[in-house]
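Close look at the chain arrangement
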Amino acid sequence: MKKYLHSKWTSLEKINGWRHYEVKNVFVKNKELEIFSVCDNDIVLRVTIKEINNRKKWVQGWKKIV
């Protein structure tokens, strides 16, 4: 689970206007990640490990999506 801390992710769909996120906290007990938009630090989300590993929603790293 600690491998997720500070990892970078790209959402295939814009969330609150942004695609690029970084993991801020890992909640092991709940199997959740707290992520924030790298373009707007005020945007903070919680997603499950299962959701972030869904390749139809998220890809690891910061990718350019056209």
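Calculation criteria
- Numbering of residues begins from 1 in every chain and follows the order in which that chain's sequence is written.
- Predicted model: local features are reported for residues with pLDDT of at least 70 only, side-chain atom pairs are reported and counted for 80 or more only, and whole-chain, interface and lining totals are derived from all residues.
- Note that water and hydrogens are dropped before the side-chain values are worked out from all heavy atoms of the structure.
- Going along the chain from the N terminus, every DSSP run of H or I of four or more residues is numbered as a helix, and every run of E of two or more is numbered as a strand.
- The buried label goes to any residue with under 20% of its type's maximum accessible area, the exposed label to any with over 50%, and the partly exposed label to all in between, with areas taken from a 1.4 Å probe on protein chains only.
- For Phe, Tyr and Trp, rings pair up if their centres lie within 6.5 Å, where Trp contributes its six-membered ring, and each pair is then called stacked (planes under 30 degrees apart), edge-to-face (over 60) or tilted (otherwise).
- Ring-over charges, as used throughout, are those where CZ of Arg or NZ of Lys falls within 6 Å of the ring centre and within 35 degrees of the ring normal.

Further remarks concern unusual backbone geometry. One can expect most non-glycine residues to show negative phi and most peptide bonds to be in trans. If you check the backbone angles, His6 has positive phi at about 70° while not being a glycine. Take His6: it is sitting in the segment before β1 (8-15). Looking at His6, the relative accessible area reads 48%, which means it is partly exposed. Phi is positive for Lys31, close to 55°, though the residue is something other than glycine. Relative to the assigned elements, Lys31 resides in the loop between β2 (18-27) and β3 (32-37). For Lys31, a relative accessible area of 57% corresponds to the exposed category.

With that settled, consider the packing of aromatic side chains. Enumeration according to the criterion identifies two aromatic pairs in this entry. Positioned above the aromatic ring of Trp62 is the side chain of Lys8, whose terminal nitrogen or guanidinium carbon lies 5.7 Å from the ring centre.

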